[in-house]
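A structural walkthrough
Residue-level listing of the chains:
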Amino acid sequence: MTLTADGAFAVPNDRPRPTWLITEEEAIDTEIAALQTGKEADAFLLERRLGDRSHLLVAKRYRDRTHRGFHNDAAYRAGRHTGNRRDDLAMAQGSRAGLRMRDEQWAWHEFQTLRQLWNAWAPVPYPISCAGSELLMEYVGDGDRPAPRLVDIARDRELDFAGLWNQCLTALRTMTALGVVHADLSAYNILVQDGQIFVIDFPQSVEIRLNENDMQFLRRDVGNLVTFFGRAGVRADAEEVFADLVSRVSWL
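Here we summarise the structure given alongside this text. (Residues numbered from 1 in each chain as written. Predicted model: local features only at pLDDT ≥ 70, side-chain atom pairs only at ≥ 80, totals over all residues. Heavy atoms only, no water.)

Details of the packing of aromatic side chains
All chains considered together, the criterion is met by four aromatic pairs. An aromatic cluster is present here, built from Trp165, Phe228 and Phe229 joined pairwise through their rings. The positively charged end of Arg15 is found above the aromatic ring belonging to Trp118, 3.3 Å away from the centroid. Here Arg61 stacks its cationic end above the ring of Phe44, 4.5 Å away from the centre of that ring. (Phe/Tyr/Trp six-rings, centres within 6.5 Å; stacked < 30°, edge-to-face > 60°. Lys NZ or Arg CZ within 6 Å of the ring centre and 35° of its normal.)

Structure follows, in structure tokens:
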């Protein structure tokens, strides 16, 4: 990020599409294995193949409301609008059609947020496509071994935790400058591959100024990471980090 003449933080927005991605319609996606089960969705490992070219990807499939472990979502949905008055009204009223649209909105919201962050060079998996309640994205791992979560390698004392903290701080600064608060950030949804972090799981993310809980969520995200890294020997002041992030928000 750079500082502009008027004091705002400018985030680069010119990231090219990955060269490894197969985009031809003739490509075939084959499900290989289940990766993870979460509160609101399940993740599966897929292979996309076209002739002798192939790559792995992740399909994140959101469950409907009756099969989710996460139901109290009103605080995260506050301020979200589709731009379609009828759809927004149906979701607000909780009709059958509105609840179905809410389920699909989680996937679409995560896709749009990932796309915004990817374009700004944030450390997130590349979002490939979104259809209904399924989101396809870049697979982060080594062969068929998924990248571990930060929490899973917390006891690895050979890791450069100071370097990982700096990466997390840079990611937080990029997100905040873009007006994005993860709203559920912790060591459980940060992957580490070859010393590089990848922040995942953005369905509940909120937009600064549009969600009344934005600063509460941001403060909690910061606190979660400061606590985790503090246990790993990296000291940071949560209030100082929070103030630094807030200073990067465009309030115009």
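That shown, we press on.
So, the nonpolar core
In terms of nonpolar packing, the biggest core is built from 62 residues, with Val124, Leu150, Trp165, Ile197 and Phe229 touching the most fellow members. Residues contacting Val124, with those up to four places away along its chain left out, are Leu114, Leu117, Trp118, Glu138, Phe198, Val199 and Phe202. One finds Val140, Ala147, Phe198 and Ile200 within the second-largest nonpolar core, a separate group that totals five residues. (Core = buried A, V, L, I, M, F, W, Y, C linked by side-chain atoms within 4.5 Å. Buried < 20%, exposed > 50% of the residue type's maximum accessible area, 1.4 Å probe, protein only. Contact = heavy atoms within 4.5 Å.)

A word on the pattern of salt bridges
Applying the stated criterion to the full structure yields 13 salt bridges. A salt bridge links Glu24 to Arg53, with the nearest nitrogen and oxygen atoms 3.4 Å apart. One end of the pair, Glu24, is in the loop between β2 (9–10) and β3 (28–37); the other, Arg53, is in strand β5 (residues 53–62), with 29 residues separating them in the sequence. A relative accessible area of 35% places Arg53 in the partly exposed class. One salt bridge connects Lys60 with Asp201, and the closest N-O pair in it is separated by 3.0 Å. Separated by 141 residues along the polypeptide, Lys60 in strand β5 and Asp201 in the loop between β12 (196–199) and β13 (206–207) bring together distant segments of the chain. Through salt bridges that share partners, Glu31, Arg61 and Glu134 make up one connected network. (Salt bridge = Lys/Arg side-chain N within 4 Å of Asp/Glu carboxyl O. Helix = DSSP H or I, 4+ residues; strand = E, 2+ residues; numbered from the N terminus.)

Shape is all these values report; function is a separate question.
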